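Notes for the structure review
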Amino acid sequence: MESARAYAWKALNRIVLEHGYASLILRGMEGYSREDRSLISEIVYGTLRNYTRLSYQWEDLASHVKQKTAVLLNMSVYQLFFLDRIPDYAVINEACSLVSEKEKGFVNAVLHKVQKRGMIAPEFHDELERMAFETSHPLWLLKLWSAHYGMENAVKIAEADQQRPIVYGRRNPLKISREELFSDRKVHFLEADCFTYDGILTETSWFDEGKVLIQDRASQAVGRLLEAEPGMCVLDACAAPGTKTQEIASEMKNQGMITALDLHEERVKLIEQLMVKTGVSIVSCRAADASKPIMGMEPESMDRILVDAPCSGLGDLSHKPEIRMHVTPESLDELTKLQASILENAAAYLKKGGRMVYSTCTLNRKENENQVNTFLKRHPEFERISEKTWFPYELESDGFYAAVLTKTGSAMVK
Ligand SMILES: C[S@@+](CC[C@H](N)C(=O)[O-])C[C@H]1O[C@@H](n2cnc3c(N)ncnc32)[C@H](O)[C@@H]1O
């Protein structure tokens with residue numbers, strides 16, 4: 001088996017150069033010891049969270065560097081400056097051992113120079129520029145957040161993105177009682193069924209048996225906004241992998257009916273598996289495009305609708321630091337049309353007096369407030385009950401947006 005650092009380098013190459021997803025690629029490290037897995041994760045996520053700042057440390061010392069070698073230099077600089085547990089000589093030796101004979105001298109010389117001169121930074125003209133550099137966010141993104149949410153919030157969001165995310169658990173009330181779970185001293189109750197755990201939750205029998213789920217704290221709060229009750233008919237329009245579907249089914253005490261859709265067949269399987277594992281029997285899942293009429297569903301037949309829309313994911317940059325490397329101002333707008341069509345289509349199935357939640361895990365007004373405002377202009381029969389943005393620093397969780405809407409009248413024929 002290759003060394004942990006060799007594995008980390010390969011993983012980073014796939015993420016940085018082939019636009020892979022870190023969480024998916026790191027699933028392949030199962031054969032490694034717990035210590036090695038932790039080192040690989042630390043190196044991969046730490047390097048991604050600091051990528052542009054790391055490149056700045058050596059770019060003036062070298063030109064025409066091969067792409068994979070650049071990735072290796074960045075991951076080595078991360079270990080030199082951010083990880084105390086590995087001696088500098090070991091980091092440099094290991095980096096040299098990973099490259100071809102021809103490149104060894106070059107990598108060795110660059111890393112020694114970087115180590116000797118210590119961390120460097122360019123001159124900054126303002127606070128946002130400094131923050132963009134120190135947190136390796138694109139400057140345009142910090143400017144966008146500053147324009148949307150104010151300068152102070154923009155800075156706090158970027159700082160929060162640099163933190164290692166906290167793992168939140170959610171009790172599955174269908175399988176374990178509050179008393180049984182929360183009496184365990186390793187479990188720290190937060191609110192509703194949300195908790196943190198001293199240890200690795202995915203290695204517990206509770207997790208294996210579907211008694212607890214991993215779900216971000218703000219995501220849990222979004223699920224609760226639907227206020228689903230036993231016996232109701234619910235549409236979950238963009239449901240995979242089904243974490244919120246499960247939360248809704250739990251609120252409904254597994255009584256009633258949930259239709260869970262997702263565009264991708266293989267992702268619908270994830271919903272099915274989660275429902276079986278967690279003891280939910282009221283969900284009917286299928287692969288369908290939620291922006292198009294839903295076969296077999298009567299208009300105005302749903303008590304509750306959740307549109308947890310596909311989005312640019314800017315609230316999730318701590319879990320998915322690679323997004324900030326690949327996102328562009330143009331790509332931000334790619335999903336707004338689809339979000340609008342899903343909302344438009346789903347709305348037709350809500351009963352009068354019913355409740356619909358539109359949510360995203362992004363921090364971008366175009367996909368959030370503006371999307372809902374435009375919808376409400378087109379649909380005077382809907383009213384906004386509430387609207388909230390969770391910034392990542394507030395609950396130490398992902399950033400989310402949710403608007404709660406209700407249908408007060410019948411749709412007008414245009
Ligand atoms: C934010 S995720 C949903 C997360 C899910 N609600 C949960 O909490 O587990 C958005 C989902 O929308 C799906 N999706 C994308 N386009 C869609 C479409 N046109 N119709 C239905 N689902 C779609 C994606 O495959 C993705 O699984």
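Residues numbered from 1 in each chain as written. Predicted model: local features only at pLDDT ≥ 70, side-chain atom pairs only at ≥ 80, totals over all residues. Heavy atoms only, no water.

1. Notes on the site of the ligand
- Neighbouring the ligand are 20 residues, the closest being Asp262, Arg267, Asp289, Ala290 and Asp308.
- The separation between a nitrogen atom of the ligand and a polar main-chain atom of Cys238 is 3.1 Å.
- Asp262 has a polar side-chain atom sitting 2.7 Å from an oxygen atom of the ligand.
- In isolation the ligand exposes 600 Å². Once the protein is present, 88% of that is buried.
- Of all the elements in the fold, those that place two or more residues in the shell around the ligand are α14 (243-251) and α18 (336-347).
- In terms of residue class, the shell around the ligand is built from 12 nonpolar, three polar and five charged. (Near = heavy atom within 4 Å. Polar contact = N/O pair within 3.5 Å; in protein donor to acceptor, adjacent residues only side chain to side chain. Areas by Shrake-Rupley, 256 points an atom, 1.4 Å probe, with all protein chains shown as cover. Helix = DSSP H or I, 4+ residues; strand = E, 2+ residues; numbered from the N terminus. Nonpolar A, V, L, I, M, F, W, Y, C, P; charged D, E, K, R; others polar.)

2. A few points about the packing of aromatic side chains
- Evaluation of the coordinates by the stated rule reveals 11 aromatic pairs.
- Ring geometry for Phe124 and Phe133: centres 5.6 Å apart, planes at 45°, overall tilted.
- What makes Phe124 partly exposed here is its relative accessible area of 28%.
- Exposure remark for Phe133: the relative accessible area of 11% places this residue in the buried category.
- With 6.5 Å between their ring centres and 65° between their planes, Tyr358 and Tyr401 make a pair best called edge-to-face. Here Tyr401 lies in strand β11 (residues 400-407) and Tyr358 lies in strand β9 (residues 350-360), a separation of 43 residues in the sequence.
- Classification of Tyr358 as buried rests on a relative accessible area of 0%.
- Among the residues examined, Tyr401 registers a relative accessible area of 0% and is labelled buried.
- An aromatic cluster is defined as three or more aromatic residues linked by ring pairs; in this entry it consists of Tyr56, Phe124 and Phe133. (Phe/Tyr/Trp six-rings, centres within 6.5 Å; stacked < 30°, edge-to-face > 60°. Buried < 20%, exposed > 50% of the residue type's maximum accessible area, 1.4 Å probe, protein only.)

3. As for the UniProt feature "active site" (unreviewed entry) in the protein
- Here the UniProt-annotated "active site" (unreviewed entry) positions come out as Cys361.
- Residue placement: Cys361 occurs in the loop between β9 and α19 (369-378).
- Setting aside its immediate chain neighbours within four residues, Cys361 contacts Cys311, Gly313, Leu314, Gly315, Asp316, Gly399 and Phe400. (UniProt positions renumbered as here; feature names shortened; annotations may be inferred. Contact = heavy atoms within 4.5 Å.)

4. Observations regarding the sheet that holds strand β5 (residues 233-236)
- Pairing within the open sheet is mixed, and its seven strands lie in the order β7-β6-β5-β8-β9-β11-β10. Because the sheet does not close on itself, it has two edges, and the strands there are β7 (283-287) and β10 (382-390). Sheet twist, expressed as the average angle between the axes of neighbouring strands with direction ignored, equals 15°.
- Relative to strand β8 (residues 302-308), β5 runs parallel, the two sharing three bridges. What sits directly across from Leu235, in β8, is Ile305.
- Its contacts with the sheet place helix α15 (residues 265-277) against β6 (257-262) and β7, and it is angled at close to 165° to β7. (Pairing = 2+ DSSP bridges. Axes fitted to C-alpha atoms, helices over the stretch in contact; angles between N-to-C directions.)

5. Description of the pairing of strand β2 (residues 187-191)
- Inspection of the sheet shows β2 paired to strand β3 (residues 194-197) by four bridges, in the antiparallel sense. Bridge pairing links Phe189 to Phe195 in β3.
- Here β2 folds back onto β3 in antiparallel fashion, the turn holding two residues, of which Ala192 has a positive phi close to 50°.

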